[in-house]
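Residue-level structure breakdown
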Amino acid sequence: QVQLVESGGGLVQAGGSLRLSCAASGITFSNYAMGWYRQAPGNQRELVASITTFDNTNYADSVKGRFTISRDNAKNTVYLQMNSLKPEDTAVYYCNAVYRFGNLSYWGQGTQVTVSS
């Protein structure tokens, strides 16, 4: 019943922008910290950005200043605004939700982001 549905991925040229969305259902969204991870070919999955239930944010050094994570609790949605995209940002991006009052966590299906040069 819990679902994380991602959208907004696609193909862009270097220097362009994309906004990823992750819509959650089946959970009380405001009780979950949210995060975006990515996995590029030949790489391990890495945390890109996270946002707590208090709206504190954290970013990987590689995206700091270019990406912004935000959440809209009224829409049960977390966003990742990606600006000044680079070819090395190419990866499958995954949405993650972590319950703050236990050890429950959920993953989205992943969405492909490809940045061409």
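Quick caveat, the model's predicted, so the values are computed rather than measured.

A word on the environment of M34. Mapped onto the elements, M34 comes out in strand 4 (residues 32–39). Sequence separation between M34 and C95 is 61 residues, and the spatial gap between their C-alpha atoms is 7.4 Å. For M34, the residues in contact, after removing those within four places along its chain, are F29, A49, S50, I51, I69, R71, V78, C95, N96 and A97.

Counted by the stated rule, this structure contains 1 disulfide. Linked covalently through their sulfurs, C22 and C95 form a disulfide whose S-S length is 2.1 Å. Where C22 bonds to C95 through sulfur, the torsion about that S-S bond is close to -85°, and the disulfide is left-handed. Of this pair, C22 sits in strand 3 (residues 18–25) while C95 sits in strand 9 (residues 91–99), and the two are 73 residues apart along the sequence. Across the pair, C95 and C22 agree in class, each one buried.

Within the structure shown, the criterion is met by 5 aromatic pairs. For the pair Y32 and Y99, a centre-to-centre distance of 5.2 Å together with 40° between the ring planes defines the contact as tilted. In this pair, Y32 sits in strand 4 while Y99 sits in strand 9, placing the two residues 67 residues apart along the sequence. Taking relative accessible area as the criterion, Y99 reaches 23% and is therefore assigned partly exposed. Judged by centre distance (6.3 Å) and plane angle (45°), the ring pair of Y32 and Y106 falls under tilted. With Y32 in strand 4 and Y106 in strand 10 (residues 105–107), the pair connects residues that are 74 residues apart, well separated along the chain. Accessibility expressed as a relative area gives 5% for Y32, which makes it buried. Judged by relative accessible area, which is 23%, Y106 ranks as partly exposed. Through successive ring pairs, a cluster of aromatic residues spans Y32, Y99, F101 and Y106. Between the NZ or CZ atom of R45 and the centre of the ring of Y94, over which it lies, the distance is 3.7 Å.

About the cut-offs
- Residues numbered from 1 in each chain as written.
- Predicted model: local features only at pLDDT ≥ 70, side-chain atom pairs only at ≥ 80, totals over all residues.
- Heavy atoms only, no water.
- Helix = DSSP H or I, 4+ residues; strand = E, 2+ residues; numbered from the N terminus.
- Contact = heavy atoms within 4.5 Å.
- Disulfide = S-S within 2.5 Å.
- Buried < 20%, exposed > 50% of the residue type's maximum accessible area, 1.4 Å probe, protein only.
- Phe/Tyr/Trp six-rings, centres within 6.5 Å; stacked < 30°, edge-to-face > 60°.
- Lys NZ or Arg CZ within 6 Å of the ring centre and 35° of its normal.

Keep in mind these numbers describe shape, not what the thing actually does.
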